[in-house]
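The primary structure of each chain is shown beneath.
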Amino acid sequence: MSNDPQVGPVQTVTAPPPQAKPKRQDKPASLWGDALYDLRRRPMFIVSVGIILILLVMSLWPSLFASINPFDPKTCELATARQGPSAGHIFGRDNLGCDVYARTIYGARNSIVIGITTMIVTAVVGGLLGLLAGARGGAVDTVSSRITEVFFAIPWILGSLLITATFRDVNLGIWIVVIALAVLSWPMTFRIMRAAVMTARSQDFVLAARALGAGQGRIMFKHLLPNALAPVIVVSTINLGGFIAAEAALSFLGVGIQSPNISWGLMIADARNRFLEAPLPLFFPALFLSITVLAFIMLGDAVRDALDPKLR
């Protein structure tokens, strides 16, 4: 009989598997980060941004796209007026023998500058007044709301014609168009900001900030403004295309951009009388105008869909 102790079965001890690293969240948690994540996956946003970037480069450096300077009178030859496309003039010539392609390229600057400047002015003026009215309420809200109703009662086309015609001799250049459009457009931004602020000021985080002793200015710009800014950005982006179209309409009526400046609306007005004889001088600026307005409207729709959680 052996005295060796019996050895039981050997148990294999396995090390616990290494803990997997927590996966990084694919979508950001903030509203703006979530919206940017969503926008990068929208074909409408990518296409519209691509078109807008090309238009911005075209308006800033038109000489990159056109070798002819349309502001040089030597480039216009009256004997070649209304000629069709050729090797050196792919869009043909207009009624004065000027290159339509070069004028179309250089005309983008005034149209886009007026649209962007008007959008910024209306967003700042209407947004700040709407923020003040929605946050303060009372008499401030009542007076400002009545003032906006007066502006809403003014027909847009009549008001724009009146402002531009009155200050036509002041020599303000393109800024008279910006003033005319901004004066009649800021009430829309005011109403949207006011409604968003009035909704946000009843939220718990605003009540908590007020209970902790935060001042009115801190509540307005630290808590109310960031939470009411999304609808203003959406409507401002959509309105940008409308402002460009409005500038073209005023120039077409003869009270907007004046020669020797160039804009798409002015080119359309100059070519309308000979449209049946030479349609290209009207067609190409109208095409560029339509593409520009459509690009900004598409951008506004994409931003609206990304910032509105109900549409996701």
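One can find the structure itself at the top, above this paragraph.
First things first, this report covers the structure right here in the doc. (Residues numbered from 1 in each chain as written. Predicted model: local features only at pLDDT ≥ 70, side-chain atom pairs only at ≥ 80, totals over all residues. Heavy atoms only, no water.)

With respect to the pattern of salt bridges
Here comes step 1: Following the criterion strictly, the structure yields 6 salt bridges and no others.
Here comes step 2: With a shortest N-O distance of 3.2 Å, Arg82 and Glu277 are connected by a salt bridge. Placement of Arg82 in the loop between α2 (43-60) and α3 (100-136) and of Glu277 in the loop between α9 (264-271) and α10 (280-307) is noted, with a sequence separation of 195 residues between them.
Here comes step 3: According to the relative accessible area criterion, Arg82 is partly exposed, its value standing at 27%.
Here comes step 4: The shortest N-O distance in the salt bridge between Asp301 and Arg304 comes to 3.7 Å. Linking Asp301 with Arg304, this pair stays in helix α10, spanning 3 residues, or about one helical turn.
Here comes step 5: Overall, the relative accessible area of 21% leaves Asp301 in the partly exposed class.
Here comes step 6: What emerges from the salt-bridge pattern is a single network uniting Arg82, Arg274 and Glu277. (Salt bridge = Lys/Arg side-chain N within 4 Å of Asp/Glu carboxyl O. Helix = DSSP H or I, 4+ residues; strand = E, 2+ residues; numbered from the N terminus. Buried < 20%, exposed > 50% of the residue type's maximum accessible area, 1.4 Å probe, protein only.)

Points about a nonpolar patch on the surface
Here comes step 1: Side chains of Ile120, Val121, Val124, Val125, Leu128, Leu129 and Phe221 sit close together on the surface and give an oily, nonpolar patch of about 560 Å² of accessible area.
Here comes step 2: A total of 6 residues in the nonpolar patch trace back to one element, the largest contributor, which is α3.
Here comes step 3: Take Ile120: it is sitting in helix α3. (Patch = residues over 30% accessible without salt bridge, like charges linked within 9 Å, V, L, I, M, F, W, Y side chains within 5 Å. Areas by Shrake-Rupley, 256 points an atom, 1.4 Å probe, with all protein chains shown as cover.)

A word on α2
Here comes step 1: Taking 1.5 Å as the rise per residue, α2 with 18 residues should run 26 Å; its terminal C-alpha atoms sit 26 Å apart, in good agreement.
Here comes step 2: Burial in α2 covers these residues: Phe45, Ser48, Ile52, Leu55, Met58 and Ser59. Buried positions in α2, seen along its axis, are confined to an arc of 160 degrees and lie on one side of it. Turned more than 90 degrees from where α2 packs its buried face, Pro43 and Leu60 sit exposed. (Expected span 1.5 Å × (residues − 1). Arc of directions from axis to C-beta.)

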